[in-house]
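Here is what each chain is made of, one letter per residue.
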Amino acid sequence: MDNDPQETFRTLLHAQRVWDTALPAFDPAEAPGAPTALFHRWFAEAVQAGQPEPHTMALATVDERGRPDLRTLMLHDADERGWHFASHATSAKGRQLAAHPEAALGFYWAAQGRQIRIRGRVTAAGSTESQADLHARSTGALAAALTGRQSEALASLAELASASEAAWERAQAEPDAPVPTWTRYVLQPYEAEFFQGDARRQHVRLRYRLDTGSWVRELLWP
């Protein structure tokens, strides 16, 4: 008799382990005064540790009914303005941000047992910056943007293949082709948490909280 699929899943799930390797130490007393500097440091360490795709992150928004939504996308920059990403203004995330311009970002770097959570207000960059963002990327990224209609219902994979082929041809012929809906967004944080995992579950959590224009640092219980 075949195994119960639910029990098979539970067996697999409960057999998984985390952090079966040496994890880095993190002394929050040595953390810089602002979260961006610590993010830059941790990002470089994640790359050095071989973390796959450390530039990917989860973006959480809410829809018109206040229901949460989540997706994974690429980080485009992190500077004094905030954390940058991009999408079509007409996409689900674009519409949600237009109606409720606050969001949360989440990074998980398993190679070092680290995660970073950032919350803040999101603003849309102007057309010039948004188009420059798009055209600084690959031909494939431009082709995907030219395909457009992100988050709309798709009739068939054949329709996608046809639209994608046409978009690739245009992207190769017109590397500066404009995509008016493409928008660069900047999340300006008011809170950022840095989590360092520990095999004994003595996790270190450092939160930066913006208070009257200055960053306050505080430890959190795991």
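Refer to the structure presented above.
Reading guide: rules and limits
In every chain, residue numbers begin from 1 and rise along the written sequence. Where totals are concerned, whole chains, interfaces and linings use all residues; where local detail is concerned, this predicted model gives features only for residues with pLDDT of at least 70, and gives and counts side-chain atom pairs only at 80 or more. Computation of side-chain values: all heavy atoms of the structure, hydrogens and water removed. Secondary structure counts use DSSP, requiring at least four H or I residues in a row for a helix and at least two E residues in a row for a strand, with both numbered from the N terminus. The buried label goes to any residue with under 20% of its type's maximum accessible area, the exposed label to any with over 50%, and the partly exposed label to all in between, with areas taken from a 1.4 Å probe on protein chains only. Contacts are assigned to residue pairs with any non-hydrogen atoms lying within 4.5 Å of each other. Surface accessibility follows the Shrake-Rupley procedure with a 1.4 Å probe radius. Residue values consider only the protein chains on display as shielding. Residues scored as positive are Lys and Arg, those scored as negative are Asp and Glu, and His as well as the terminal groups of each chain are ignored. To locate a charge, take NZ of a lysine, CZ of an arginine, CG of an aspartate or CD of a glutamate. Surface patches are defined over residues having more than 30% relative accessible area and no salt bridge, joining like charges when they lie within 9 Å and nonpolar side chains (Val, Leu, Ile, Met, Phe, Trp, Tyr) when within 5 Å. A side-chain nitrogen of Lys or Arg and a carboxyl oxygen of Asp or Glu constitute a salt bridge if their distance falls within 4 Å. By convention, a stacked pair of Phe, Tyr or Trp rings (six-membered ring in the case of Trp) has centres within 6.5 Å and planes under 30 degrees apart, an edge-to-face pair has planes over 60 apart, and any other such pair is tilted. Two conditions define a charge located above a ring, namely a distance within 6 Å from the ring centre to NZ of Lys or CZ of Arg, and an angle within 35 degrees of the ring normal. To qualify as a nonpolar core, a set must consist of buried Ala, Val, Leu, Ile, Met, Phe, Trp, Tyr and Cys residues joined through side-chain atoms within 4.5 Å. Only when DSSP finds a minimum of two bridges between them are two strands counted as paired.

Q: It is not clear to me how the overall build of the chain should be interpreted in this structure. Could you clarify?
A: For the chain, the helix and strand inventory stands at six helices and nine strands. Seen through its principal axes, the chain has C-alpha atoms that stretch 65 × 55 × 40 Å. Considering the chain as a whole, with its 222 residues, one finds that 36% of them fall into the buried category. Here the analysis covers contacts within the chain between residues at least 6 apart in sequence; of these, 65% occur between residues at least 24 apart. As presented, the chain carries roughly 13,100 Å² of accessible surface, and 53% of it is formed by carbon and sulfur atoms. With 23 positive and 28 negative side-chain charges, the chain shows a spacing of 6 Å between the two charge centroids.

Q: So what exactly am I meant to see when it comes to a nonpolar patch on the surface here?
A: A contiguous nonpolar patch, built from Leu-154, Leu-157 and Leu-160 and spanning about 300 Å² of accessible area, is present on the exposed surface. The exposed category is assigned to Leu-157, whose relative accessible area is 67%.

Q: Would you mind showing me how to read the packing of aromatic side chains here?
A: Two aromatic rings, taken as a pair, are described by how far apart their centres are and by the angle between their planes. Evaluation of the coordinates by the stated rule reveals twelve aromatic pairs. Here the aromatic cluster, defined as three or more aromatic residues joined through ring pairs, consists of Phe-26, Trp-42, Phe-194, Tyr-208 and Trp-215. One cation-aromatic arrangement involves Arg-114 over Trp-42; the distance from NZ or CZ to the ring centre is 4.0 Å.

Q: Where do I start with the pattern of salt bridges in this structure?
A: A side chain of one charge can pair with a side chain of the opposite charge when the charged atoms of the two come close. All told, the structure shown has 15 salt bridges when counted by the stated rule. As a salt-bridge pair, Arg-81 and Glu-129 come within 2.9 Å of each other at their nearest N and O atoms. Pair noted here: Arg-81 is in the loop between β3 (77-79) and β4 (82-88) and Glu-129 is in helix α4 (residues 127-135), with a separation of 48 residues, a long-range link. Arg-81 sits in the partly exposed class, given a relative accessible area of 37%.

Q: Mind showing me how you'd approach unusual backbone geometry here?
A: When glycine is set aside, most residues are seen to have a negative phi, and most peptide bonds are trans. We note that Arg-201 has phi near 65°; this positive angle belongs to a residue other than glycine. With respect to the helices and strands, Arg-201 occurs in the loop between β7 (182-196) and β8 (204-211). Look at Thr-212: it is not a glycine, yet its phi comes out positive at around 50°. With respect to the element layout, Thr-212 can be found in the loop between β8 and β9 (214-220). On the basis of relative accessibility, which here comes to 80%, the residue Thr-212 falls in the exposed class.

Q: How do you make sense of the nonpolar core when you look at a structure like this?
A: Generally speaking, soluble globular proteins have nonpolar side chains that are buried together. In this structure, Phe-39, Phe-85 and Phe-107 are the most contacted members of the largest nonpolar core, which totals 27 residues. Only α2 (35-48), β1 (56-62), β4, β5 (102-109), β6 (114-124), β7 and β8 provide two or more residues apiece to this core. Ignoring any residue separated from it by four or fewer positions in sequence, one finds Phe-85 in contact with Met-57, Leu-59, Leu-73, Met-74, His-76, Leu-97, Val-122, Thr-183, Arg-184, Tyr-185 and Leu-187. In terms of nonpolar packing, the next biggest core, distinct from the first, is built from eleven residues, Leu-142, Leu-146, Ala-167 and Val-179 among them.

Q: How should I be thinking about the pairing of β1 in this particular structure?
A: Each regular strand carries side chains that alternate between the two faces of the sheet. Of the two faces of β1, the one lined by Met-57, Leu-59 and Thr-61 is fully buried and the one lined by Thr-56, Ala-58, Ala-60 and Val-62 carries no buried residue. Note that β1 and strand β2 (residues 68-74) share seven bridges and pair antiparallel. Looking at β2, one finds that Val-62 is bridged to Pro-68. Connecting the antiparallel pair β1 and β2 is a turn made up of five residues, with Gly-66 showing a positive phi of about 80°. Judged from the three bridges that link them, β1 and β5 form a sheet pairing that is antiparallel. Looking at β5, one finds that Leu-59 is bridged to Leu-105.

Q: Please explain the pairing of β9 as it appears in this structure.
A: Sheet topology places β8 next to β9; seven bridges connect them, and they run antiparallel. Opposite Leu-210, over in β9, you have Trp-215 as the bridge partner. The antiparallel pairing of β8 with β9 creates a hairpin that spans two residues between the two strands, and Thr-212 there sits at a positive phi of about 50°.

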